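# Structure assessment
Chain residues, written in single-letter form:
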2 protein chains.
Amino acid sequence: MKSFKKLFTSKSKTHSPASSFKIGGMGSLKVLDVIPSPEDDSEKLKKAFQGLGTDEDEIIMILGHRDASQRKQIRETYQQLYNESLIDALNSELSGDFRTAVILWTYDPSERDARLANGALKSKKKGVKQLEIIVEMSCASSPQHLVAVRQAYCSLFDCSLEEAIAASVSMPLKKVLLGLVTSYRYDKELVDMDVANLEADRLHEAIKTKELAHDDVVYILSTRNFHQLRTTFECYRKKYGNPIDKDIMKSGKGDLESLLRMVILCIDSPEKHFAEVVGTSIIGLGTDEDSLTRAIVTRAEIDMMKVRGEYFNIYKSNLDDAVIGDTSGDYRKFLVTLLGGKM
Amino acid sequence: MKSFKKLFTSKSKTHSPASSFKIGGMGSLKVLDVIPSPEDDSEKLKKAFQGLGTDEDEIIMILGHRDASQRKQIRETYQQLYNESLIDALNSELSGDFRTAVILWTYDPSERDARLANGALKSKKKGVKQLEIIVEMSCASSPQHLVAVRQAYCSLFDCSLEEAIAASVSMPLKKVLLGLVTSYRYDKELVDMDVANLEADRLHEAIKTKELAHDDVVYILSTRNFHQLRTTFECYRKKYGNPIDKDIMKSGKGDLESLLRMVILCIDSPEKHFAEVVGTSIIGLGTDEDSLTRAIVTRAEIDMMKVRGEYFNIYKSNLDDAVIGDTSGDYRKFLVTLLGGKM
């Protein structure tokens, strides 16, 4: 048995979100100590696609144990060797939720999120739940990643992400989302207590007067750095007795309140947000595979170890067991692999 | 005499604004066909700093004939060889407007613009003229360059560019500038005539009702791609008889009107804007060296050939002659070098 090591995101030097991401701490992805060459991986993948039936286990074994920069090399090498896109090959060889998960995982993270955002904006399903990916990439990702997603969006589609949001989301959600996606937050740990105090007051006033989409609220939530905002939320709690997200939900039950709660949770505790996404997708009748896939694929290299912990805190049960219990087949195998479990 | 070749920006492959810039066409900078190594250049610069007096001609001959990526290599090599920053050395060896110009030229373009923006925002002089650099980097630069400036701003100073604008510019200019600097415009040539028609009408209505800082105006000017906006302005002119910037200036004489005129000019014809910056800095009593330096340093690698043409159209005189007539000494020599003239 080959030995696995945990992939700690801070060790990588590339500019993938896995490396530049500073909020989270550790992913669940396990990569081999010694990684085969991208040529070897590409050849094995090609073989797995050929012959009678597809060798799903081999695909999971390879792609499910490579980090973002390794997957990028495999994509490029596969294209060179076979003059065929790896994504296209996966698309024609796999099916169902397994296909969706493997393809999302194989994309470059910025392209993945641009495609997810595009899907969300073009979807016939409307509502705040649909917009989750846009909040996540704005409030639970690094500013570098957000900019890379905006660049990818312009490359892939025929307008900017902002134009797509403006065209398909109505006010006041549009205003909040436009503020969020255009941000490039200061990314060092620097907190001004006076600002935290003043802005906690301003947020409280906006909640009290039910002006949740006021310019000031949008400015604060979309411009201040994450450390500053966490301090502002803490200030709010100390001064006004309740967590700010609770007060927002008490002030109304509309889409704007739900969106702002999501924004605050993503900023304050991304791991809690993603634990809720996993929990909500599993609990109750049926499974929301799209949300479950998105949460695991996007966080496996970032902070899945923390998401697991938060999941236990919230649901008093094990995230991995819940995923195993609610999924099946190759899809289950693949998710469990990304969660760092054995196949 | 060594032969010079024109530096055509589209040939370079780096991500400097010179290369990724798609609006302009051609710079005035002349680089040698065969460039000495960065080690040679660094040694010559070091020698130029040593001994009795500084050899300004040598500094101009070297730095004034290197493009952004070559200057970057020289900066890095100089630091390695002498354990000293080239910028610091220039700062202690040179003086006056010559020093300012050489240092701005030597910085990485994104750092240069971040520092210029910081200087503008921190300046005691207030008014629209001060904010020119922020409009230029948002409306007369590529989206990649604007993002690079925002990244540089966060690295150099203790807040984001947006926070700095919000802290030192008051409404309604603040609202317009925040919209502009947070944009990441679609960067391919794609125009929707229906959108152009609709938005020309919307802009006309805003001018008529004197609601120039309306959300829609800010959204249109800060989100639409440059090609789309030029078509919208052309639509406006055809439908309403006047160029939109003229109608804006007829609607009022305040700062907001001046700012919006600047925005429109930078989008519609950056070369015309910069010709005006040069002209305004020279014409009348005294010279505004800061503006003159900024215009020449920032556009020498982008579209100075076009700026020269526009200057002639507007002022019926030669830009180079005007610069020569209004400057002196090493400062003059350096600007003339960037303009592609002989020393």
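Per an unreviewed UniProt entry, chain A goes by Annexin and derives from Theobroma cacao. Regarding chain A, the relevant UniProt record gives this comment under Sequence similarities (unreviewed entry): "Belongs to the annexin family."

Residue and element names in this part refer to chain A. Here the UniProt feature "binding site: Ca(2+)" (unreviewed entry) sits at Phe49, Gly51, Gly53, Glu93, Ile282, Gly286, Asp326 and Thr327. These annotated residues cover 279 residues of sequence, and their C-alpha atoms reach 35.5 Å apart at the extreme, placing them across more than a single site. Summarising the element assignment, Gly53 is placed in the loop between α2 (38–49) and α3 (56–63). Judged by relative accessible area, which is 51%, Gly53 ranks as exposed. Filtering out sequence-adjacent residues up to four positions away, Gly286 remains in contact with Ser281 and Asp326.

This next bit is on the packing of aromatic side chains. As enumerated under the stated definition, the model contains 12 aromatic pairs over all chains in all. Ring centres of Tyr153 of chain B and Phe157 of chain B lie 4.7 Å apart, and the angle between their planes is 55°; this geometry places the pair in the tilted category. Grouping aromatic residues by their ring pairs yields a cluster made of Phe49, Tyr78 and Tyr82 of chain A. Here the basic side chain of Arg71 of chain A rests over the ring of Trp105 of chain A, its NZ or CZ set 3.6 Å away from the ring centre. Lying across the ring of Tyr82 of chain B, Lys46 of chain B places its NZ or CZ 5.1 Å from the centre.

Each copy of the sequence occupies a distinct position, and chain B is placed on chain A by a rotation of 180° and an axial shift of 0.0 Å, giving an RMSD of 0.0 Å. Viewed as a symmetry operation, the transformation between the two copies matches a two-fold axis. If distances are taken from each C-alpha of chain B to the rotation axis, the shortest is found for Thr182 of chain B, at 2.6 Å. Mapped onto chain A, 100% of the interface residues of chain B again fall at the interface, so both copies present the same surface.

What counts as what
- Residues numbered from 1 in each chain as written.
- Chains lettered and ligands numbered in written order.
- Predicted model: local features only at pLDDT ≥ 70, side-chain atom pairs only at ≥ 80, totals over all residues.
- Heavy atoms only, no water.
- UniProt positions renumbered as here; feature names shortened; annotations may be inferred.
- Helix = DSSP H or I, 4+ residues; strand = E, 2+ residues; numbered from the N terminus.
- Buried < 20%, exposed > 50% of the residue type's maximum accessible area, 1.4 Å probe, protein only.
- Contact = heavy atoms within 4.5 Å.
- Phe/Tyr/Trp six-rings, centres within 6.5 Å; stacked < 30°, edge-to-face > 60°.
- Lys NZ or Arg CZ within 6 Å of the ring centre and 35° of its normal.
- Least-squares fit on C-alpha atoms with pLDDT ≥ 70 in both.

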